[in-house]
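Observations on the model geometry
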Amino acid sequence: MKISDILKESHKAYPSLEIVPPLKGMSREDLLESIRPFMDFDPKYINVTCHRDEYEYVPNADGTYTKRVVQNRISEVAVCAAIMSKYHIEAVPHIICAGATIEQINQELDNLYYMGIDNCLALRGDCLTNEKRFTPTPGGYAYASELVEGIRNYRREETGRHFSIGVGGYPEKHFEAPNIETDILNLKKKVDAGADYVITQMFFDNEVFYDFERRCREAGINVPVIPGLKPISTARQVHMLPESFSLDIPVELSSAIESAAHDKEAVYEIGTKWCKEQCKDLLRHGVPAIHFYTMGKTRNICEILKDCF
Ligand code: FAD
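Report follows, based on the coordinates.

1. Examining the overall build of the protein chain
Scanning the protein chain from terminus to terminus reveals 12 helices and 10 strands. The C-alpha atoms of the protein chain give a radius of gyration of 20 Å, which matches the 19 Å a tight globule of 309 residues would have. Dimensions of the protein chain, computed from C-alpha atoms along their principal axes, come out at roughly 55 × 55 × 45 Å. Taking contacts inside the protein chain between residues at least 6 apart in sequence as the whole, the part at least 24 apart equals 76%. Total accessible area computed for the protein chain in this model is approximately 15500 Å², and 50% of it derives from carbon and sulfur atoms. Between the centroid of the 36 positive side chains of the protein chain and the centroid of its 46 negative side chains there is a distance of 1 Å.

2. Comments concerning the site of the ligand
Surrounding the ligand, one finds 23 residues, the nearest of these being Cys50, Asp126, Tyr170, Asp183 and Lys190. The separation between a nitrogen atom of the ligand and a polar main-chain atom of Cys50 is 2.7 Å. Asn186 has a polar side-chain atom sitting 2.9 Å from an oxygen atom of the ligand. At the level of elements, β5 (90-96), β6 (119-123), α7 (180-192) and β8 (197-202) are the ones that each hand at least two residues to the shell around the ligand. Ranked by residues supplied to the shell around the ligand, first place goes to α7 with four residues. Split into classes, the residues belonging to the shell around the ligand amount to 10 nonpolar, seven polar and six charged.

3. A few points about the environment of Met1
Note on placement: Met1 falls in the segment before α1 (3-9). A sequence separation of 55 residues divides Met1 from Glu56, and the C-alpha atoms of the two residues are 40 Å apart. Those residues in contact with Met1 that lie beyond four places of it in its chain are Ile6, Glu9, Glu90, Asp118 and Asn119.

4. Considering helix α11 (residues 264-285)
Note that an α-helix has 3.6 residues per turn; residues three or four places apart therefore point the same way. When the terminal C-alpha atoms of α11 are compared, their 32 Å separation across 22 residues agrees well with the 32 Å that a helix rising 1.5 Å per residue should span. Check the buried side of α11 and you find it contacts α8 (206-218), β9 (225-229), α10 (251-259), β10 (289-293) and α12 (299-308).

5. Structural notes on empty space enclosed by the protein
Within the structure shown, the criterion is met by one cavity of 30 Å³ or more. What the largest cavity holds in volume is close to 30 Å³. Every residue along the wall of the largest cavity is listed here: Tyr170, Pro171, Glu172, Lys173, Gln201, Met202, Phe245, Ser246 and Leu247. Looking at the lining of the largest cavity, its residues break down into five nonpolar, two polar and two charged.

What counts as what
Residues numbered from 1 in each chain as written. Predicted model: local features only at pLDDT ≥ 70, side-chain atom pairs only at ≥ 80, totals over all residues. Heavy atoms only, no water. Helix = DSSP H or I, 4+ residues; strand = E, 2+ residues; numbered from the N terminus. Rg over C-alpha atoms; globule rule 2.2 N^0.38 Å. Contact = heavy atoms within 4.5 Å. Areas by Shrake-Rupley, 256 points an atom, 1.4 Å probe, with all protein chains shown as cover. Lys, Arg positive; Asp, Glu negative; His and termini not counted. Charge placed at Lys NZ, Arg CZ, Asp CG, Glu CD. Near = heavy atom within 4 Å. Polar contact = N/O pair within 3.5 Å; in protein donor to acceptor, adjacent residues only side chain to side chain. Nonpolar A, V, L, I, M, F, W, Y, C, P; charged D, E, K, R; others polar. Expected span 1.5 Å × (residues − 1). 1 Å grid on protein atoms, 1.4 Å probe; cavity = no way out; pocket = protein on both sides within 12 Å on 5 of 7 lines; lining within 4 Å. Points joined across faces, edges and corners; volume = space filled by probe spheres on them.

Here's what the structure looks like:
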């Protein structure tokens, strides 16, 4: 079932869950067991992130180097297949422009089509760890809006609109954008290209989301905007999350966590409680769904789902 139809038909807000494919070496059974606790909440679908290949340079005996692809994780397509066959729910693979040509992306769409997947989240992806700015792959897409257009045109003549497409939005603006207004105009390009809904980057202050949602509506973005949440689970994340995702953590939350930093369980509880409060407030506000960045954690997410949905 398409996410766009789920969004249209749901009378009540639902949780949307995102997982990261396991590192190579973890078995299929371990992965499926790790997400089993989520099944108690009857999720409508699970998003699976996509990770671009990284490279390493291996020295040769003659002093030259050989470039080698490093793929640390199982592919999102394989993880989607495992989830669908075990739990009989929809899986939503993320597709990124980074590191792929249009031909390779079309090959991936063929695989998804063949597997009976009709949803995806279209993203640009980030630069390589040793790059300062994103460089499009020769023969690839430069922006997610181009990817959305490409996916929208996939098998258009036979199937009309095969994929329901989600895109990313940034309540605190994408770190490369000069200002939030420009970033929202760029978000509108993705919606105009055919995106059905937006999932936001995580945020820790709901007022930031409400302001973003208002600006989106004013800019003419009329598709559902799904807020993204992540409960903080370690003291380190207070520094790591702003650094990795260019976001703010309210002082009330950061100081509570820092003063409990010596007690792992206390930190976990503070992060979970904060997220629960955010979640309840968003539900009162009338959001269509809430997206959880689970990042390999189940206990805190299940506790939040139990309390809020
Ligand atoms: P875009 O929409 O292309 O925007 C990137 C930047 O370019 C922005 O600053 C935007 O303002 C600007 N821009 C856009 N269009 C134009 C234009 N036409 N002209 C000039 N500037 C423009 N990353 C992964 O690698 N794998 C994942 O699985 C993954 N999942 C994610 C899930 C969610 C819900 C979110 C919010 C992000 C996810 N990301 C993932 C991270 C994402 O790839 C990065 O944030 C990336 O830097 C931007 O992706 P985007 O799709 O928002 O890019």
